Structures are given as structure tokens and as C-alpha cells.
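These are the residues of each chain, in order.
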Amino acid sequence: AVVSTQSTGKYLSAEHLNMVVASYFFIVGSLALTAILRPIVGMIPGSSLLVEPELYHLKFNKGSNVFVECKFDMLHVISLGLSSAFGVWYLMKKHWLANNIFGLAFSVNGIEMISLGSVKNGCILLSLLFFYDIFWVFGTEVMVEVAKNLDAPIKVVFPMDFLEKGIFGTNFAMLGLGDIVLPGVFIALLLRYDASKGESSNLYFYTGFVAYILGMAMTIGVLTIFNAAQPALLYLVPTCVGIPLLVSLIKGEFSSVIAYDEEVKEEKADEKKSE
């Protein structure tokens, strides 16, 4: 199989294309895993001795134009070394466990960095993605084929024959990272809403978390019964959005939850600081 590259007039073999894709995910996967490992490495006894008051500062610039700038300490360096070693294992073996760890690292970083802004935005976005996912899974084979054939940590996989073959199973079920990140971003927003109320119960966060588990259980159940690809958001959106909103109705806080907006909150905080 070949892929045409019209810009050069040459051809790139599938083997070379996979090598390029694998190298890319080795780099970004190692960086994503470093961000996850840094706090963990910092909890090791004695690691505080490696945290220096002054951070290392790496900057690439031309005149006043700064292209790349980052600050790091020795714990970042150690974490990057461990992540790179793990990345080499991923490149050499392409084991599903390595794929999953990189995929989960991407997911955690995505949930941390992405903000929906408001609960209303989250409800609208997830509602639209609900229909989007249904169309691309049931209406066309494109999404399923891409997930099956692209050998990259863009999905979390688990061997359905795990009980028979253990970690060496070959019959995989797949879950796209979008089915983790998108509901996760909404649940993280519910956690910030809980924090804005000044309560320690985190009711809406735990409700959303349990709702995600329920939605995922429904997805796996239908997948197992019908043995056919399922759009996970078909089950995750109604549970992750519907159940927390139902709880807010029961508690009489629906208007407060649906009106929660992080940008408005930040503007009010800035106004207080300026005063």
C-alpha cells in the first residue's frame, strides 16, 4: 500500500508512514507521560532534594520572537527519562498496555487543559456530539475502520479474550480517547462548580463520575450482546449530562448549575483584585 504525497511527487510506503506516526506519538506520548509522572516522582522520599529554587529555563528565540519557552527542574528530567524509556518499549513492541498508558496520559492532559467555559456550553457540545457519534458509527464505517487500522494510541484497547490468553490476547475491544476526554471535561467542570459553592461534598462531580461508569457499563453490555461497534457517546451523554441535571432538579439547584460560567467567575475575581 502506498500514500501519494503530491507536494513532492514521490510515494511514501505504509511502513515508512507508520514509522513517522509512531515517532510522532513517541515524542508527544513521552511528554504527556512526563506531565503525569512529575507529581508521582515528587512523592518519592528524598525527591525534594532534587527540586532546586531556580528552575532550568530553555528558550528558543530570534530577537523578540520567542518560538519555544519552557521551565523545568530535575524531577522533570527524571520523569522524561522514565517516559522516554517507556516510549522505546512502545516503539519496539507496540503492546496494548503501552498503547493504553500513552492514551490515558493524553486523556488526563486533555481533561486538564480543555475548558468548556460553562455548563450550558458543555450540554450543547455533548448533545451535538451525541448525534455526531451515532452517525459516524452507525451511518458509515469510516470511524470504525480508522480506529481498527491506525496503529497509534488514539484509543484504549482491552483484549476480550483476556481470561483465556491474559495480556497476550488478540481479540480487542476499543474505546476512542474522545469518549474519555469529552465526558471527562464536562465532569471536571462539575467539580469546579462544586468548588465554587464552597462545599466539600463534591456531589455533582461524584454524580457525574458514577454516571460515566454507568454509561460505560451500558456500552460494554450492548457491545457484548450484539457483538457490533457501538457509539459510546450514545450511552455516555445521556448519563453524564442527564443524571447530574436530574440531581440538580431534585435539589432545586438546576438554574444555578446550568448558569455556571467560569469566565464570569474569573471576571468577578479580577474585579475584586483590582478593587
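Below, the structure is looked at part by part. (Residues numbered from 1 in each chain as written. Predicted model: local features only at pLDDT ≥ 70, side-chain atom pairs only at ≥ 80, totals over all residues. Heavy atoms only, no water.)

## Quick look at the overall build of the protein
Across its full length, the protein carries 11 helices and 6 strands. When burial is assessed residue by residue, the protein has 34% of its 275 residues classed as buried. Pairs at least 24 residues apart make up 64% of the contacts formed inside the protein by residues separated by at least 6 positions. As displayed, the protein has an accessible area near 17000 Å², and 67% of this comes from carbon and sulfur atoms. (Helix = DSSP H or I, 4+ residues; strand = E, 2+ residues; numbered from the N terminus. Buried < 20%, exposed > 50% of the residue type's maximum accessible area, 1.4 Å probe, protein only. Contact = heavy atoms within 4.5 Å. Areas by Shrake-Rupley, 256 points an atom, 1.4 Å probe, with all protein chains shown as cover.)

## Brief notes about the side chain of His95
As for its position among the elements, His95 is in the loop between helix H2 (74–93) and helix H3 (96–113). Not counting residues up to four positions away in its chain, the partners in contact with His95 are Trp89 and Ile167.

## Observations concerning the nonpolar core
Of all hydrophobic cores here, the largest spans 43 residues; its most connected members are Val119, Phe186, Tyr212 and Val241. Mapped onto this core, the elements with two or more residues apiece are helix H1 (14–42), H2, H3, helix H4 (119–139), helix H7 (178–196), helix H8 (203–226) and helix H9 (233–251). With 8 residues, H7 is the largest single contributor of residues to this core. The contacts of Phe186, once residues within four sequence positions are left out, are Leu116, Val119, Gly122, Cys123, Leu126, Cys240 and Val241. (Core = buried A, V, L, I, M, F, W, Y, C linked by side-chain atoms within 4.5 Å.)

## Here we look at unusual backbone geometry
Not every positive phi belongs to a glycine, and Lys94 is a case in point at roughly 50°. By the secondary structure assignment, Lys94 is in the loop between H2 and H3. For Lys94, a relative accessible area of 27% corresponds to the partly exposed category. One non-glycine residue, Asn227, lies in the positive phi region at around 50°. Along the polypeptide, Asn227 turns up in the loop between H8 and H9. For Asn227, a relative accessible area of 70% gives the class exposed.

## Focus on the pattern of salt bridges
Any two side chains of opposite charge can pair, on the condition that their charged atoms come close. Taken as a whole, this structure holds 3 salt bridges when the rule is applied. Across the pair Glu262 and Arg192 runs a salt bridge whose closest N-O atoms are separated by 2.2 Å. One end of the pair, Glu262, is in helix H11 (residues 262–274); the other, Arg192, is in helix H7, with 70 residues separating them in the sequence. Overall, Glu262 belongs to the buried group, its relative accessible area being 10%. (Salt bridge = Lys/Arg side-chain N within 4 Å of Asp/Glu carboxyl O.)

## Describing the packing of H7 against H9
Think of two packed helices as two axes; the pair is described by the angle between the axes and how far apart they sit. Orientation of H7 relative to H9, taken along the N-to-C sense of each, is 5°, at an axis distance of 11 Å. It follows from the interaxial angle that H7 and H9 lie roughly parallel. Contacts between H7 and H9 involve Asp179, Leu182, Pro183, Phe186, Ile187 and Leu190 from the former and Leu233, Leu236, Cys240, Val241 and Pro244 from the latter. Per-class residue counts for the contact of H7 with H9 are 10 nonpolar, no polar and 1 charged. (Axes fitted to C-alpha atoms, helices over the stretch in contact; angles between N-to-C directions. Parallel < 35°, antiparallel > 145°, perpendicular 65-115°, else oblique. Nonpolar A, V, L, I, M, F, W, Y, C, P; charged D, E, K, R; others polar.)

## Thoughts on the packing of H4 against H7
At a minimum axis distance of 10 Å, the contact between H4 and H7 shows a crossing angle of 160°. Judged on the interaxial angle alone, H7 and H4 are roughly antiparallel. The element H4 and its partner H7 pack so that their crossing is left-handed. Side by side, H4 and H7 meet where Val119, Gly122, Cys123, Leu126, Leu129 and Asp133 of the first sit next to Asp179, Leu182, Pro183, Phe186 and Leu189 of the second. Taken together, the residues of the contact of H4 with H7 break down into 8 nonpolar, 1 polar and 2 charged. (Left-handed = near helix turned anticlockwise from the far one by under 90°.)

None of the figures reported here should be taken as evidence of function without further support.
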